Amino acid sequence: MTVTMSLMMLILLSLVAAGLQASRIACGRAQAVNGIDVGLYSLFSEYDEQLLEQYHLFFLDGSYGNGSMNPAQMINQMEYYMKPVLSSGLTRCRVLACGIDGFRLASDEKGKAVQQQMIRFMKENLGVSAIEAIRDRMEESKNILNRQEEIRDFGISENVPEETEPMEGISENNNPLEIVRNIRNNGFLGMAMPSGSMISEKQIEAQGTVSRRELQTGMGDFSWQDSGNSALDKLWVQEYILEHMSSYIDQETDGALDYEVEYILGGKASDKENLSYVVNRLLLMREAANIAYLYTDSQRRAELEACAAALSFLTLIPEGMVLVQAILAAGWAYVESLSDVRCLLAGGKVPLMKNRTSWRTQLSNLGVRDVSTESTGLDYEEYLRILFSMSSKEKTVMRALDVMELNLRMLPGKENFSIDTCTDAVSFSFQIQGPEGKKWQADRSYTYDM
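Residues numbered from 1 in each chain as written. Predicted model: local features only at pLDDT ≥ 70, side-chain atom pairs only at ≥ 80, totals over all residues. Heavy atoms only, no water.

Participant: Account for the overall build of the protein, with residues named and values stated.
Facilitator: Looking only at helices and strands, the protein features 14 helices and four strands. For the protein, the C-alpha radius of gyration of 34 Å lies well beyond 22 Å, the compact-globule estimate for 450 residues. Along the first, second and third principal axes, the C-alpha set of the protein runs to 140 × 40 × 30 Å. The burial tally for the protein puts 50% of its 450 residues in the buried class. Nonlocal contacts in the protein, meaning residues at least 24 apart in sequence, comprise 79% of its contacts between residues at least 6 apart. (Helix = DSSP H or I, 4+ residues; strand = E, 2+ residues; numbered from the N terminus. Rg over C-alpha atoms; globule rule 2.2 N^0.38 Å. Buried < 20%, exposed > 50% of the residue type's maximum accessible area, 1.4 Å probe, protein only. Contact = heavy atoms within 4.5 Å.)

Here it is in C-alpha cells:
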C-alpha cells in the first residue's frame, strides 16, 4: 500500500511539476505579449505635442529632434519601455532582438497619412451632413460659373441700333477706354486692395520646403491602412485647411507666412506674391461673371451702346461701334471686378450672379472706389473654396505640410523639425527569450489609426 501510494504521489508530483512548468511558460508568453504592447503604446505616446496642439495630427518624430530619420533610436526606446515589464515577476523574459520591418512617414505618397488624419478629424468635428451641404453649394456655384463662361464666349449677339443717342459726358478727358487702360497699367493688386490696408512682407526660402526638396521616405507595405478614396475627400481636406490655416482676412499670425491659405493655393515664396496670385484668379472669375451680366442685362447693354456711340463720334469711326462695345464691356467688367475683389478683401460679400442692385460701377464715371460691403452673396472664404475646387488635392496637402513644418520650426527647440521624419505607423519584429530557454518570434504593427 505504501509503495503504491508513493508511486502515485510521484506521478502526481510529476504532473504538478509539468503543469507548473507549462503554466510558467504560458505566463511568460503572456508577459512577452504584454511587454510588446506596453512598449508600443509607450513609444507612440511620445507623439509631437505641438503638431497635435496646432494641427490635431498624431505623429511621432522619428528623428528625435535631429531632422534625420533615426530607426535605431526608436528601437532603443522600444526596448527601454519593454524591459521593466519583461523582467518582473517569476517568469522573467528578455529581448534577444528587436528590429523595424517598416515605417510610414507623413510625406510618403504625397502626404497620404496626413490626408487620412485630416479627413478623420473633420468627419468627427464637421460631420457628413455639413460637408454634403458644402458640396451642393459648390456644385451650384460651379454650374453658375460655367454658364457665365459660355455667355462670355458667345460674345455680343444683339445688333447695334442704327440710331443710338450718344452718352453725355464722354470726352477726351472722360474716355472710359483710356481710364481702363490706365487702371490696367497701374497693377491690379494695388487697385484691388481696400484703402489703408497693408500687405504682409513675410517671405520664405521656397526651395527648402517639403513640396520642393528631396524627401526622406519610409519603407515596408502599409497598404492595409488605405481607407480608399471618396468623392468627398477633397472637400474634407479643403475644410481642414480653411479651419487650421490663416488667410488675408484673418488677424496677423506668428507663423512663417501670414497668408497661409493663399500660399497653399499659389505656392509662391512671399505673402505678397501669393495674395497677388489669388487676387488675379478672383479677378478672372469675377470678370467672366460681370461680362456675362453686361451681355444679358438690357439696361447695361443700352449704356454700352450709348457710350460706344459717343466714342465712335469722338474718334470719327462710326463703323467701329460693335468692336468698341466689346472692348468697353471687357473694360467695364474688369473695373467692376476690381471693386468686387476690394469688397471681398474688406470682409464683404459678392454674389456670383450680379443684378442691377449689386452692380457698383458707372460707365459714365468709371473708376475703382471704396464701396460699402455687401451682406448678400459669397464672402472671401467661399470664393477660396471655389479656387480649391480647381486645384489638385495632392498639391494642396503637400503645401499644407510646408506650412506646418515652417511654423513648427519657429518654436524653441524645434529648429530642426522635419515633417518627413514624422511617422504614424511602424512594423516591428521581436525575438524574446522566456522561461526554460523558450524563444518566441513576434511581428507587430502599430498605427495611430488603430
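From this point, the narrative continues.
Participant: Account for the pattern of salt bridges, naming residues and giving values.
Facilitator: According to the stated counting rule, one finds 20 salt bridges in the structure shown. In this structure, D340 engages R360 in a salt bridge whose closest nitrogen and oxygen atoms are separated by 2.6 Å. Of the two residues, D340 is situated in helix α12 (residues 321–345) and R360 in the loop between α12 and α13 (380–389); the sequence distance between them amounts to 20 residues. Accessibility classification places D340 together with R360 in one group, the buried group. (Salt bridge = Lys/Arg side-chain N within 4 Å of Asp/Glu carboxyl O.)

Participant: Residue-level account of a nonpolar patch on the surface, with values.
Facilitator: Side chains of M1, M5 and M8 sit close together on the surface and give an oily, nonpolar patch of about 370 Å² of accessible area. You can see M8 is positioned in helix α1 (residues 2–44). (Patch = residues over 30% accessible without salt bridge, like charges linked within 9 Å, V, L, I, M, F, W, Y side chains within 5 Å. Areas by Shrake-Rupley, 256 points an atom, 1.4 Å probe, with all protein chains shown as cover.)

Participant: Quick one: what's the story with unusual backbone geometry, residue by residue and with numbers?
Facilitator: The phi torsion at H56 lies on the positive side, around 55°, for a residue other than glycine. By the secondary structure assignment, H56 is in the loop between α2 (49–55) and β1 (60–61). Residue H56 is classed as partly exposed on the basis of its relative accessible area of 33%. Positive phi is not limited to glycine here, since E109 has a value of about 50°. Tracing the sequence through the fold places E109 in helix α4 (residues 108–125). For E109, a relative accessible area of 55% corresponds to the exposed category.

Participant: So what about the packing of aromatic side chains? Which residues, and what values?
Facilitator: One pass over the full model with this rule turns up 12 aromatic pairs. With a centroid separation of 5.7 Å and an interplanar angle of 25°, the aromatic rings of F428 and F430 are classed as stacked. On the basis of relative accessibility, which here comes to 0%, the residue F428 falls in the buried class. Judged by relative accessible area, F430 falls into the buried class, the value being 1%. Each member of the aromatic cluster is reached from another via a ring pair, and the members are Y41, F44, Y47, F58, Y446 and Y448. Against the face of Y334 rests R184, its NZ or CZ located 3.9 Å from the ring centre. (Phe/Tyr/Trp six-rings, centres within 6.5 Å; stacked < 30°, edge-to-face > 60°. Lys NZ or Arg CZ within 6 Å of the ring centre and 35° of its normal.)

Participant: Can you explain the environment of R152? Please cite residues and give values.
Facilitator: By secondary structure assignment, the location of R152 is in helix α5 (residues 128–154). A residue is classified by how much of its surface remains accessible, and R152, at 31% relative accessible area, is partly exposed. C-alpha separation for the pair R152 and K354, spaced 202 residues apart in sequence, amounts to 14 Å.

Participant: Help me get a handle on the packing of helix α8 (residues 233–244) against helix α14 (residues 393–408), residues and values and all.
Facilitator: At a minimum axis separation of 10 Å, α8 and α14 run at an interaxial angle of 25°. On the basis of the axis angle, α8 is roughly parallel to α14. Judged by the twist between their axes, the crossing of α8 over α14 is left-handed. Contacts from D233, K234, V237, Y240 and I241 of α8 reach α14 at K393, T396, V397, A400 and M404. For the contact of α8 with α14, a count of residues per class yields six nonpolar, one polar and three charged. (Axes fitted to C-alpha atoms, helices over the stretch in contact; angles between N-to-C directions. Parallel < 35°, antiparallel > 145°, perpendicular 65-115°, else oblique. Left-handed = near helix turned anticlockwise from the far one by under 90°. Nonpolar A, V, L, I, M, F, W, Y, C, P; charged D, E, K, R; others polar.)

That's the geometry; what it means functionally is another story.
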